[in-house]
Each structure stands twice: as structure tokens, then as C-alpha cells.
Amino acid sequence: MSDTEIIDHTVPRLSAGKFIRGTRIVFGRELEAYFDSPIAYIYAAVFLVLSCTTFMNSFFLDGIVDMSPYFEILPFLLIPFVPAITMRAWAEEHAQHTFELLMTLPLHSSQAVLGKFLAALSFYALVLAGSLPIVLMLVFLGDPDLGLIFSSYLGALLLGAFFLSFGLFASGLTRDQIVAFVLATLCGFFFVLSGHEQVVEVLDGLSPAWQLGTWLYESISVLPHYQAFGRGVIAFSDLVYFALMSGFFVWMNQLSLQRSKY
Amino acid sequence: MIKVESATRRYGALTAVDQVSFEVGKNEIVGFVGPNGAGKSTMLKMLSTFIHPSEGSVTVAGHDAVTEPLAVRHNIGYLSGDTPLYQEMRVDKFLRFIAEARGLTGDALEQGLAKAIDLCSLDTVLKQRVKECSTGFRQRIGLATALVHNPPVLLLDEPTHGFDPMQVLAFRDTLRSLRENRAILFSTHIIGDVEAISDRVLIIHQGRLLGDGRVQDLAERAGIPGAGLEEVFAHLVRTTAPTHV
């Protein structure tokens, strides 16, 4: 290894191509790590069974030939499911001391954060795709509104991305996976329940002058934005909401990594 | 290649490294010696850009560790004291991940991997998961991650931890063979390692640098000419009054 001239040690500028390459390297390792763990398969199976059971109930008992029951229950299922995916992402890096390895590789911290986020999103998308046989069944049995199904899936993907972003942020704040899980679950409860009709009424009743429930529903809650996709509406404002909220937590995740340096 | 000027690192009220200055040049192997908790690992973490100095400056290969961390990381091979490895990964995949993350591609990637595997004698465990390897092998995998991109600066924190005596001897030979065109700084509390392979010694205690030089020179300065590193080390540590906790 004395021939140091083999490898060019001049510092490359972080071009878009190099940024994507570094992100892809982290993404590949992270995605492989998901499938290395038997827990991931258990989570995926449990999630699919729970979500599809909801659909099957309404399909067979109520005779509803669309996927709306599946998408209506999804936000509530994601409250514990997504933190279960994300809790290990950074907490395990700290526990195994690989955080130091990752942070001393010539990668920008944003590449590490994005790589992890995209790997988690891909895993979630694969789990979500596990419900596609329902779509095939509906097409075979009747004439479902495929546009509505597409927008609902898009909403579900964006909802998952949002949940994953704050789940990863929570994981970056602690070395303890359980703490990361609890933090992200509480966060999920807040964003979902603040859009629930009865919660809004209760909060408004507690502070009639402030209309706290209505304010939370209109400005912060994820439910109204997600539900629009379930009605077949792909509105620019809803896309912006998900992009901003997810981007904010990804950015916060990156900032939280910097604190270990000080 | 390495220049540290008045580097200080505080953790709240604790000063882990206090006004430390030294340099390490090309073709030089420098041993960083001190008791547990002396500040060796903290100093190496600053050099690796993992943490910032609270005061002072740390420069590696002409790049400031705080303002140009990516440039520093391109030029270093760093083995942390915890030997951090992804336990679930297969050894060959893990090394490839590190090599790719270090920016190697094509022939340089394959050559870097082949040389690191050969130098660290990892052929027999390549298809095993990291967690299935012995402590000695894990340490060698860690060393391979530091060498895979053939860096001009090597920072090794307790590199012989977990090695058996034969592996220690082999490691010393390996390190000697890596000296050319390289600056190597390794921390240890094993005096034998330092005496066997270091050109120069840095002695640190309670965050302060007590000595910087060849063992003979340090012995003379300490007033015990002809003494070995062990005596010099013990003398310097004992005669230094604790200045802070």
C-alpha cells in the first residue's frame, strides 16, 4: 500500500452527481439492513394483516367495493407502525458506535440522512405495495375508480414519508430505540388526532375564544391533507404541505446530527 | 500532514484535552501514549472531524478539520477505539460499502479492496457476517476500513486491542510497511507497541501533553537518561500535579 499515487486524494467538489452517488451508497446499505432483520418481515406481515382485515370486513360484511376503508384506517395504523420502522435507524448507530464511522466517512451529513430516509420510504412503499392484490381483486370483480385508488395510494405514500421523517428525527435524538419509538408515536398521535372531528370539538370547547381545535385542524394536522387524496383530489396545497413537513423534519434530523460535534 | 495548535476540548465542566499542540510529518509513525481517560481518543476524534475542538485548530493534510471536514475525511483512514462495524453485514459487503463511501470506483475500488484484504489477512472471513468474526478479526476488519482507500494520514485508536501476541507482531510489521509517504498517529496504552514502531512519542495525561519527542530525548529531558519509555512515562505522569478534573 505504499503506492499512494494509485488513488487521487485531491478533494472532489460535491457536485450533484457525487451527492446522489453518496446518498445511493447509504440508501443501499440501509435498505439491505431492513431485509437483514427478521423483525422487518414481522412488522410487514402484521401491518398487511391488520390493514387488509379492515378492508375485508367492509368488503364482505357491508358489500363496499372500494378501498376507502383501507385508506381511512391507514393513518391510525401508521402511528405505531412507522416508529417501529424508524426507531433503529439512528439509535442503533449510536448503540453500535457506527455513528462515528458514518460521520467520519467523506459524506455530507445530508447524504446520510437522505439515504436513510429514502431507504425507509422504499421499505414502507414495498409494504404498502403488499395491498395491491386488493386492487387486482376489485378490478376483477367490478369497475373500481382507478383514479381514486391512485390518488389514495399517492396520499398514503406521502403520509408515510411524513411519518418517516419525524420518526427518523426522533431516532436521531436518542440512543434508546424505545425512547425513539415513544417520541415518534406521540408525534404521530398529535398530527393525526388533531385532525379528528371529536378532538377538534373538545379542544374548541375548552378554549372557545381561541378555537384551538380548529386552528390545529386547519394549520397543522395531517388528516385534512391526507383525506383530500382519499376523495380523489390531488391539490397543490396538499402536496406542498407534505413536502414542507417532511422536508422540515429531514432537515431537523440533519441538524440534530451536528450537535454531537459540539 | 497533521498540525494541532492549542487544541482544547471541553465537555461541560470537564476539559478532556487542554491546549495540546503537536505536528506529525510525512513518513513518520507517532505513538500517542497515556493512561485511560487521558484524552487520546478525544484528540483522535477531533482529528477525524467527528468532534470540533472547543478552542485551537486542527489541520490535516492542509485542511482545517472544522471548516473543511470533507476534505480532511478524504485524506484520513480512521480506526476508532470502539472498532465500529455493521455487525449484520457480510465482511466483503461491509468493506465494499466503506470503499464506495470513500469515493473509490472501478479499478481503484477493486485494487483498494484487494490490498486491504491482503494486508489485514481477511480472505478467510470475507463471506462471514461481521458479528460471527472473532475480536481479533473484527479489529483487522476495522483496520482494513482505514486502509482501503490508501490514505496519506492514518489515525488509529488502540489498533492492537483484541490481538493475540502473534497478531500484534504482524500488525507492527504492517504499520512499518505503511510508513512511506504517510503520516501515522496511533494511540495506545501498550508501551511495547510504541517502543517497537514509533519514531516519536506523544505523552498525554489529564488532557495535557507532557512530552513530545524520541524516547531518548524525553528521558534526558526528564533527567533520567537512558531510561525506557515505561520509566519516562511513569516519571512524567507521577511528577505532573493534577491541574483539573
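Residues numbered from 1 in each chain as written. Chains lettered and ligands numbered in written order. Predicted model: local features only at pLDDT ≥ 70, side-chain atom pairs only at ≥ 80, totals over all residues. Heavy atoms only, no water.

Quick look at the packing of aromatic side chains
Worth spelling out the cut-off: Each aromatic pair joins two rings of Phe, Tyr and Trp (for Trp, the six-membered one) with centres within 6.5 Å, and gets the label stacked for planes under 30 degrees apart, edge-to-face for over 60, and tilted for any other angle. Working definition: helices are DSSP H or I runs of at least four residues, strands are E runs of at least two. Numbering for both runs from the N terminus. Partly exposed describes any residue whose relative accessible area lies between the buried limit of under 20% and the exposed limit of over 50%, with all areas from a 1.4 Å probe on protein chains only and scaled to the type maximum. Whether a charge lies above a ring is judged from NZ of Lys or CZ of Arg, which has to be within 6 Å of the ring centre and within 35 degrees of the ring normal.
Inspection of every chain in the model, using the stated rule, returns 27 aromatic pairs over all chains. Taking 5.0 Å as the distance between ring centres and 85 degrees as the angle between the ring planes, the aromatic pair formed by Phe71 of chain A and Tyr153 of chain A counts as edge-to-face. Of the two residues, Phe71 of chain A is situated in helix α3 (residues 68–95) and Tyr153 of chain A in helix α7 (residues 146–172); the sequence distance between them amounts to 82 residues. For Tyr153 of chain A, a relative accessible area of 13% gives the class buried. Between Phe162 of chain A and Phe249 of chain A, the ring centres sit 6.2 Å apart and the planes meet at 45 degrees, which makes this aromatic pair tilted. Taken together, the residues Phe162 of chain A in helix α7 and Phe249 of chain A in helix α12 (residues 236–258) connect sequence positions 87 residues apart. Three or more aromatic residues joined by ring pairs form one cluster here, namely Phe162, Phe163, Phe166, Phe169, Phe190, Phe191, Phe229, Tyr241, Phe242, Phe248, Phe249 and Trp251 of chain A. Of note, Arg9 of chain B hangs over the ring of Tyr11 of chain B, and the distance from its end group to the ring centre comes to 4.6 Å. Above the face of the Phe137 of chain B ring, Arg140 of chain B is positioned so that its terminal group lies 4.2 Å from the ring centre.

Considering the packing of helix α3 (residues 91–101) of chain B against helix α4 (residues 106–119) of chain B
Residues and elements named next belong to chain B. Selection rule: An axis is simply a line fitted to the C-alpha atoms; with a helix, the fit covers only the stretch in contact. Between two such axes, the angle follows the N-to-C directions and lies from 0 to 180 degrees. Angular relationships are summarised with four words: roughly parallel below 35 degrees, roughly antiparallel beyond 145, roughly perpendicular across 65 to 115, and oblique for the angles in between. Left-handed describes a crossing whose near helix is turned anticlockwise from the far helix by less than a right angle; the clockwise case is right-handed. Should any heavy atoms of two residues lie within 4.5 Å, those residues are considered in contact. Three categories are distinguished: nonpolar for Ala, Val, Leu, Ile, Met, Phe, Trp, Tyr, Cys and Pro, charged for Asp, Glu, Lys and Arg, and polar for the others, with Gly belonging to the last.
At a closest axis distance of 10 Å, the pairing of α3 and α4 adopts a crossing angle of 130 degrees. One finds that α3 runs oblique with respect to α4. Between α3 and α4 lies a crossing whose hand is right-handed. Across the interface between the two elements, Leu95, Arg96, Ala99 and Glu100 of α3 pack against Leu109, Glu110, Leu113 and Ile117 of α4. Its residues assigned to classes, the contact of α3 with α4 shows five nonpolar, no polar and three charged.

Examining the interface of chain B and chain A
Interfaces are often sized by the amount of accessible area the parts lose when they come together. Note the following rule: Buried area counts how much accessible surface, traced with a 1.4 Å probe, disappears from two parts once they are put together, with both parts' losses summed. Salt bridges are counted wherever a side-chain nitrogen of Lys or Arg sits within 4 Å of a carboxyl oxygen of Asp or Glu. Any N or O atom pair separated by 3.5 Å or less is treated as a polar contact, with the protein-specific requirement of one donor-capable and one acceptor-capable atom, and with residues adjacent in sequence counted only for side-chain atom pairs.
Opposite the 47 residues of chain B that make contact, chain A presents 33 residues. The largest per-residue losses of area from chain B upon contact with chain A belong to Phe50, Tyr86 and Asn150 of chain B, which jointly make up 19% of the total buried on that side. Applying the counting rule to chain B against chain A returns three salt bridges. As a salt-bridge pair, Glu32 of chain A and Lys93 of chain B come within 3.5 Å of each other at their nearest N and O atoms. On the surface where chain B and chain A come into contact, there are nine residue pairs in polar contact (both at pLDDT 80 or more). Breaking the side of chain B that touches chain A down by element, the ones donating at least two residues are α2 (69–75), α3 and α4 of chain B. When residues of the side of chain B that touches chain A are assigned to their parent elements, the largest contribution, six residues, is made by α3 of chain B. A class-by-class count of the residues in the side of chain B that touches chain A yields 21 nonpolar, 14 polar and 12 charged.

Remarks on the sheet that holds strand β5 (residues 63–64) of chain B
All names here are of chain B. Selection criterion: Two strands form a pair only when DSSP identifies at least two bridges running between them.
Ordered by their spatial adjacency, four strands build an open sheet running β2-β1-β4-β5, and the pairing between neighbours is antiparallel. What marks the edges here is a single partner per strand, and that holds for β2 (14–24) and β5. Pairing between strand β4 (residues 55–60) and β5: two bridges, direction antiparallel. Its bridge partner lying in β5, Thr59 is registered against Asp64. Along the sheet, helix α1 (residues 40–47) contacts β1 (2–11), β2 and β4; its crossing angle with β1, the most-contacted strand, is approximately 115 degrees.

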